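So you can see what is in the structure, the chains are spelled out below.
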Amino acid sequence: RQLFRYSFDLSTVLDHTLTLAEKCATNLSGALPCKDGPRSLTLLSPSSPGVPANFFVGLSDDGVVYRVDATGAGAGQCIDITQALDVTGPQTASQYDSSTGILYSLYKAGKMLAAIDASSDCLLGGWKVAGKKSTGFSIRNKSKAYIGLDVDRASFFIKEFDWTPTTKRNCLAPSVPCTYTACEDVTGGPSACKAP
């Protein structure tokens, strides 16, 4: 239940060593309900002077998406489109596209990709994902996307494909009313991330 911010350095020599240095660690127990820990995380908005970064977080228990910030404060908002998709279980990945305002999430053991309008918490579409269990999803340059495929315990592949973001804004189904009680009465903890 912690959110870590790191600085990193990727060496350009042959070994391509990634060196991480922890900058802060935020306890999210005061922003999320008492369920299993986070399963998916995507940036909603980066930090700016006086304003912390905001994130969408999916937990292991269900397919509900929670809004939290880097200080450990919850927005008291969540999105639940699981009934509209007829899915149970957690998200396996999510990616927020800031250019369109659409949150893409993988559900149903990674076999369903959903598009959610983040401003209205509304389901815009759902598509079946062919193949094995998908455990990661990322968009690059609005024209390419990547999906991680968990083939078996020893094999994991990343597939690249051409990507055309959805432009439909028709609401197929709104989020069901979504309220929750935070797990603990804490905000962030002593080493929590701060707004710049």
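First, a word on scope: everything that follows refers to the structure included in this document. What you see is a predicted model; the values in this text were computed from it and never measured.

Analysis parameters
- Residues numbered from 1 in each chain as written.
- Predicted model: local features only at pLDDT ≥ 70, side-chain atom pairs only at ≥ 80, totals over all residues.
- Heavy atoms only, no water.
- Helix = DSSP H or I, 4+ residues; strand = E, 2+ residues; numbered from the N terminus.
- Contact = heavy atoms within 4.5 Å.
- Pairing = 2+ DSSP bridges.
- Core = buried A, V, L, I, M, F, W, Y, C linked by side-chain atoms within 4.5 Å.
- Buried < 20%, exposed > 50% of the residue type's maximum accessible area, 1.4 Å probe, protein only.
- Salt bridge = Lys/Arg side-chain N within 4 Å of Asp/Glu carboxyl O.
- Phe/Tyr/Trp six-rings, centres within 6.5 Å; stacked < 30°, edge-to-face > 60°.
- Disulfide = S-S within 2.5 Å.

1. Topic: the overall build of the chain
Secondary structure assignment for the chain yields one helix and 14 strands. A separation threshold of at least 6 residues defines the contact pool for the chain, and within that pool the share at least 24 residues apart is 48%.

2. Focus on the sheet that holds strand 9 (residues 112-117)
One open sheet holds the five strands; their spatial order is 7-8-9-10-14, and the pairing between them is antiparallel. The two strands at the open ends of the sheet, each matched to only one other strand, are strand 7 (93-97) and strand 14 (173-174). Across six bridges, the pairing between strand 9 and strand 10 (residues 122-128) is antiparallel. Note that in strand 10 the partner of Ala115 across the bridge is Gly125.

3. Digging into the nonpolar core
Within the largest apolar cluster, 16 residues are counted, with the highest numbers of intra-cluster contacts made by Leu32, Phe55, Val57, Tyr66, Val68 and Ala70. Counting residues per element, the ones that place at least two in this core are strand 4 (54-59) and strand 5 (65-69).

4. Re the pattern of salt bridges
If you walk through the whole model with that rule in mind, you get two salt bridges. Here Asp121 and Arg67 are joined by a salt bridge, their closest N and O atoms 3.1 Å apart. With Asp121 in the loop between strand 9 and strand 10 and Arg67 in strand 5, this pair connects stretches of sequence that are 54 residues apart. Accessibility assignment for this pair places Asp121 and Arg67 in one class, buried.

5. Let's talk about the pairing of strand 10
In sequence, strand 9 turns back onto strand 10 through a hairpin of four residues, with Asp121 there showing a positive phi of about 55°. With two bridges joining them, strand 10 and strand 14 adopt antiparallel strand pairing. Considered in strand 14, the bridge of Cys122 is made with Pro174.

6. Notes on the packing of aromatic side chains
The final tally for this structure, using the stated rule, is two aromatic pairs. Considering the side-chain rings of Tyr66 and Tyr180, the 5.0 Å spacing of their centres and the 85° angle between planes classify their relative orientation as edge-to-face. Here the residue Tyr66 occupies a position in strand 5, and Tyr180 occupies one in the segment after strand 14, the gap between them amounting to 114 residues. Judged by its relative accessible area of 22%, Tyr180 is partly exposed.

7. Description of the state of the cysteines
Tallied over the full model, the rule gives three disulfides. In this model Cys78 forms its disulfide with Cys178; the gap between the sulfur atoms is 2.0 Å. Every disulfide takes its handedness from the sign of the S-S torsion; for Cys78 and Cys178 that torsion is -120°, giving left-handed. Pair noted here: Cys78 is in strand 6 (residues 74-79) and Cys178 is in the segment after strand 14, with a separation of 100 residues, a long-range link. The class of Cys78 is buried, set by a relative accessible area of 5%.

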